[in-house]
Amino acid sequence: MIRGLVQGVGFRPFIYRLACRHGLSGVVENRTDGVSVIIKGDIKTVDRFSNDILEKAPPASRIKSIEVNPRMIEEFDSFRIVRSSNSEEITTEVSPDIAVCDDCLEDLENDTERINYPLVNCTNCGPRFSIIRAIPYDRFNTSMVVFPMCERCESEYRDISNRRFHAQPVACNSCGPQYYYSDCETRISGIEKIIAKTASLISAGKSVALKGTGGYHLMCDAFNNEAVSELRKRKQRDSKPFAVMFRDISSLRQYCHAGKAEQEQLLSWQRPIVILRQKRPLAEEVSRGLNTTGAMLPYMPFHYMMFRYLKTSAVVLTSGNLSDDPVITADNSAEKYLMPVADGLIGYDREIVNRSDDSVMRLIDNKMVLIRRSRGFVPGPVETGLWVDGIFAAGAEQKNTFCIGKGNQAIMSQHIGDLKNFATHAFYSESAERFGELFRFTPQYMVCDLHPLYLSTLFAEQMAEGRNIPLIKVQHHHAHIASCMAENKIDEKVIGISLDGTGYGRDGNIWGGEFFVADFHGFERFAHFDYVPLPGGDRAVAEPWRTACSYLRKYFGDSIDYYSIPLFRKIDDRDLILVLEMLEKKINSPLSSGAGRLFDAVAALAGLCTVASFDSEPPIRLESAVKKGVNLKYPFSAGEVISFADMFDEILRDIKNDQTDMIPVKFHNTISNLILELSEKMQKETGIKKVVMSGGVFQNRYLLERTLMLLRKAGFEVFTHQIIPSNDGGISVGQIAVASKTIGLCV
Ligand code: ZN
Ligand code: FE
């Protein structure tokens, strides 16, 4: 029995060919708990065969274990692949979607039935998670079921020596799904015409909605500022930096700095977006003054074909959705909602069953770190070292993912998004149901955030009540720390530092600048950032100047002349007076220790962001403005409550002395030093030397790398994230880990 990621990755045919090569007879079979191989042969040959399995496995597979049981078996006169049977044991993983392989790209030019066939695929590449409805992974359980194979495809599908042997989405020009183009006036079929039309629209500065692997994208020329700005306008409220797809790695390198690890990741079969430092600018509107670009390379045959005709070497490729809704997958919704946004629409008639966004990664501390875990990674499991079977973890609210436990594996959902509107919530419950089917999972325990109003909390409460199963609640930052412990397989008391924007605290306040002594069972709040009132609650998150005002008033009272500070000269008098009044009378001003708010306030004072136009804009701009190679920092006082009075005093002095451009680097250095100082204090009191850092703030490369350098120099053993997002996307894994210990499940 072979377990791991071994289905949907060409594993059975691989085993078949290997067995033939070794002259072995027997059978191979996909089962829900793995791939079962029965072979007849002497021990030595079987040994060599097993070693070859490990060494020569298909690129997208990941073998976790090979279990060999010698026994008496019937006679076999050949080696066969038998049809999938249902077995009720632990489910084998469903493969993530795989970028088109080189062999298939060659077929686009040379295979008579697949010349320019834009959905060409084989056992080594193509859609997987995005087309699967149920297990076992077989054509009849995918959205390919409505495309009967032609004779030639069928013969390849059955021919063991063929690369398409048992490739479930196998198809060609005569039998497979087809692309189409449509706009208000015309509908075009025929791939050459579609691509010619695309190219002419893009070079005319128009935008196109394009169906991808896990959802629709919106696309336009990344060098045409007018086109990008028009797309922004039509997409509504969306001013996030746009991701860019480059023609190939060499054109990417003309515009972005990409080291070896980054290039390898860009070219990996997962093909994520990688956040890179800019070398030369694209259209101004693409990243809006930031010094980074989210870059990716073609991963569908259509992308490659398109670039053959496009004059431009880079296109904006942003998710096809409106404001905060999930990315659109259904063709009729695309026509309804994206047609008015784009000038033309390109779709194909194979259904996307499971939505997934492009994954996002960044190089931090010489490791490729996942920031958004979706296409190419989901539904690959995460080993936690804990027994998490039967637990459903509902996740947080922002950047939500949920997570189910199968044995000791945590299976995270794709990135769902911010659970605050109906569409996202529907996506959440649909996906939860789908994961139940795909992994034959029935929840026995529910776990959720402490926040009483998160939709994920309500979902968990309803499920627990409806099924009459236990519900466990985990504090947000405890879950952050636990997610990082689980990823690093640490199960002991640690110094846990969690810096993020927002999380419901045990005292009912908003937490987010937290220093814990923690393990999976619980935590002690050793120290935290000073509480500051947020005038207007969520309004203050959207308008960082409010938080800046709040900090100044808190530390300096009425002695501040707001109009001596450039930031407040930009604010309408009435708004400023209103905010000061709210603070004075404590109206709608919840208390927050969120590190994110401190970054907001400093970014506002540094003149980088008065009003945020997208999530995390102030800290992103603050990081982007850091002057490297400066060691200056601000003072602070690190008691049980960490006060920033002295820091703000000096920030005001820097502003007065025309040193505003030094604020970003000095502020970042301050936070690094604060982490060091507190870690040393905690170590002195507890003897603990392991530091675990988690929370969205640690996606800040400058901050994390500097902090790591300081902590390591001081002899700490430091643990950070790599495969689980440091932001709230990782919360579900932390919840599942804490729940496992709370319930007392044993491995
Ligand atoms: Zn292929
Ligand atoms: Fe968080």
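Everything numeric here is computed off the predicted structure, so don't read it as measured data.

**Student:** Sorry, what's going on with a nonpolar patch on the surface here?
**Tutor:** Taken together, the side chains of Leu54, Ile66 and Val68 define a hydrophobic patch exposed on the protein surface, amounting to about 260 Å² of accessible area. Mapped onto the elements, Val68 comes out in the loop between β4 (62–66) and β5 (79–82). You can call Val68 exposed: its relative accessible area is 54%.

**Student:** Explanation requested: the pairing of strand β6 (residues 179–182) in the structure shown.
**Tutor:** Along any regular strand, the residues point their side chains to alternate faces of the sheet. The alternating pattern of β6 places Tyr179 and Tyr181 and Tyr180 and Ser182 on opposite faces, both of which are buried. Examined bridge by bridge, β6 and strand β7 (residues 187–189) share three bridges and lie antiparallel to one another. Residue pairing across strands places Tyr180 opposite Ser189, the latter belonging to β7. What sits between the antiparallel neighbours β6 and β7 is a turn of four residues.

**Student:** Can you help me understand the coordination of the zinc ion (ligand 1) in this one?
**Tutor:** The reference angle at a metal is 109.5 degrees if four donors form a tetrahedron and 90 or 180 degrees if six donors form an octahedron. Protein coordination at the zinc ion (ligand 1) comes from Cys101 (SG), Cys104 (SG), Cys122 (SG) and Cys125 (SG), with a distance range of 2.3 to 2.4 Å. Seen from the zinc ion (ligand 1), its four donor atoms lie at angles of 103 to 122°, and the figure they make is tetrahedral. Read in sequence order, the donor residues for the zinc ion (ligand 1) give the motif C-x2-C-x17-C-x2-C. One end of the pair, Cys104, is in helix α3 (residues 102–110); the other, Cys125, is in the loop between α3 and α4 (151–158), and 21 residues separate them in sequence. Accessibility classification places Cys104 together with Cys125 in one group, the buried group.

**Student:** Can you help me understand the pattern of salt bridges in this one?
**Tutor:** Side chains bearing opposite charge may pair, as long as their charged atoms lie close to each other. According to the stated counting rule, one finds 47 salt bridges in the structure shown. Of the charged contacts, one joins Asp52 and Lys56 as a salt bridge, the two residues approaching to 3.3 Å between their closest N and O atoms. On the criterion of helical spacing, the pair formed by Asp52 and Lys56 is a turn pair, its members being four residues apart in helix α2 (residues 43–56). Residue classification places Asp52 among the buried residues on the basis of a relative accessible area of 13%. Judged by its relative accessible area of 42%, Lys56 falls in the partly exposed class. The partner of Lys260 in a salt bridge is Glu264, and the shortest N-O contact between them spans 3.5 Å. On the criterion of helical spacing, the pair formed by Lys260 and Glu264 is a turn pair, its members being four residues apart in helix α8 (residues 260–267). Three or more residues joined by partner-sharing salt bridges are found here, namely Asp103, Asp107, Asp111, Arg114, Arg152, Glu156, Arg163 and Arg164.

**Student:** For this particular structure, what's the right way to read unusual backbone geometry?
**Tutor:** The bulk of non-glycine residues show a negative phi, and the bulk of peptide bonds are trans. Across the junction of Ile135 and Pro136, the peptide omega takes the value 0°, indicating a cis bond. Mapped onto the elements, Pro136 comes out in the loop between α3 and α4. For Asn366, which is not glycine, the phi torsion reads 60° and is therefore positive. With respect to the helices, strands and loops of the structure, Asn366 is situated in the loop between β16 (360–364) and β17 (367–372). Phi is positive for Ser616, close to 65°, though the residue is something other than glycine. By the secondary structure assignment, Ser616 is in the loop between α19 (595–605) and α20 (617–624).

**Student:** Would you mind going over the packing of aromatic side chains with me for this structure?
**Tutor:** Note on aromatic pairs: each is described by the distance of the centres and the angle between the planes. Considering all chains together, one arrives at 25 aromatic pairs under this definition. Ring centres of Phe11 and Phe14 lie 5.5 Å apart, and the angle between their planes is 65°; this geometry places the pair in the edge-to-face category. One end of the pair, Phe11, and the other, Phe14, are both in helix α1 (residues 11–21), three residues apart, so they sit about a helical turn from each other. We classify Phe11 as buried; its relative accessible area is 2%. Summarising the aromatic geometry, the rings of Phe599 and Phe667 are spaced 4.8 Å apart at their centres and angled 80° between planes, so their arrangement reads as edge-to-face. Pair noted here: Phe599 is in helix α19 and Phe667 is in helix α22 (residues 663–686), with a separation of 68 residues, a long-range link.

**Student:** In this structure, what is going on with the sheet that holds strand β19 (residues 391–393)? I would like to understand it.
**Tutor:** One key point about sheets: their strands pair by backbone hydrogen bonds, in either a parallel or an antiparallel sense. Overall, mixed pairing links the six strands, which are arranged β18-β21-β20-β19-β22-β23 in an open sheet. The open sheet terminates on both sides in strands that have one partner only, identified here as β18 (382–383) and β23 (471–474). Note: strand β20 (residues 403–406) against strand β21 (residues 409–412), four bridges, orientation antiparallel. Bridge pairing in β21 places Cys403 opposite Met412. Set on the sheet, helix α24 (residues 731–743) makes contact with β19, β20, β21, β22 (445–449) and β23; between it and β19 the angle comes to about 145°.

**Student:** Help me understand the coordination of the iron ion (ligand 2) in this model?
**Tutor:** In the first shell of the iron ion (ligand 2), the protein supplies His476 (NE2), His480 (NE2), Asp500 (OD) and Asp728 (OD), at 2.0 to 2.2 Å from the metal. Viewed at the metal, the four donor atoms of the iron ion (ligand 2) are separated by angles of 89 to 163°, and the geometry they form is irregular.

**Student:** Can you help me understand the nonpolar core in this one?
**Tutor:** A general trend in soluble globular proteins is that nonpolar side chains are found buried together. If you look at the biggest cluster of nonpolar residues, it comprises 70 residues, and the most contacted ones within it are Phe568 and Phe648. Once residues lying within four places of it in the same chain are set aside, the contact partners of Phe568 are Trp545, Ala548, Cys549, Leu552, Tyr562, Tyr563, Leu576 and Leu605. In terms of nonpolar packing, the next biggest core, distinct from the first, is built from 69 residues, Val6, Phe14, Val120 and Ile191 among them.

**Student:** Would you mind going over the packing of helix α16 (residues 544–556) against helix α18 (residues 573–585) with me for this structure?
**Tutor:** Between two packed helices, the angle of one axis relative to the other and the distance separating the axes together describe the packing. Packing of α16 against α18 leaves a shortest axis separation of 10 Å and a crossing angle of 50°. The angle between α16 and α18 places the two elements in the oblique class. α16 and α18 meet at a crossing whose hand is right-handed. Contacts between α16 and α18 involve Trp545, Arg546, Cys549, Ser550 and Arg553 from the first element and Asp575, Leu576, Val579, Leu580, Met582, Leu583 and Glu584 from the second. Considering only residue class, the contact of α16 with α18 consists of seven nonpolar, one polar and four charged.

**Student:** What should I look at first to understand the packing of α19 against α22 in this one?
**Tutor:** It is the contact of α19 with α22, at a shortest axis distance of 10 Å, that shows an interaxial angle of 160°. Of the possible angle classes, the one that applies to α19 and α22 is roughly antiparallel. The handedness of the crossing between α19 and α22 comes out as right-handed. Only Ile663, Phe667, His668 and Ile671 of α22 make contact with α19, whose side of the interface consists of Leu598, Phe599 and Val602. Its residues placed into classes, the contact of α19 with α22 shows six nonpolar, one polar and no charged.

Definitions and limits used
- Residues numbered from 1 in each chain as written.
- Chains lettered and ligands numbered in written order.
- Predicted model: local features only at pLDDT ≥ 70, side-chain atom pairs only at ≥ 80, totals over all residues.
- Heavy atoms only, no water.
- Patch = residues over 30% accessible without salt bridge, like charges linked within 9 Å, V, L, I, M, F, W, Y side chains within 5 Å.
- Areas by Shrake-Rupley, 256 points an atom, 1.4 Å probe, with all protein chains shown as cover.
- Salt bridge = Lys/Arg side-chain N within 4 Å of Asp/Glu carboxyl O.
- Helix = DSSP H or I, 4+ residues; strand = E, 2+ residues; numbered from the N terminus.
- Buried < 20%, exposed > 50% of the residue type's maximum accessible area, 1.4 Å probe, protein only.
- Pairing = 2+ DSSP bridges.
- Donors = N, O, S within 2.8 Å, 3.2 Å for Na, K, Ca; no water.
- Tetrahedral: all angles 85-135°; square planar, octahedral: opposite > 155°, others 65-115°.
- Phe/Tyr/Trp six-rings, centres within 6.5 Å; stacked < 30°, edge-to-face > 60°.
- Contact = heavy atoms within 4.5 Å.
- Axes fitted to C-alpha atoms, helices over the stretch in contact; angles between N-to-C directions.
- Core = buried A, V, L, I, M, F, W, Y, C linked by side-chain atoms within 4.5 Å.
- Parallel < 35°, antiparallel > 145°, perpendicular 65-115°, else oblique.
- Left-handed = near helix turned anticlockwise from the far one by under 90°.
- Nonpolar A, V, L, I, M, F, W, Y, C, P; charged D, E, K, R; others polar.

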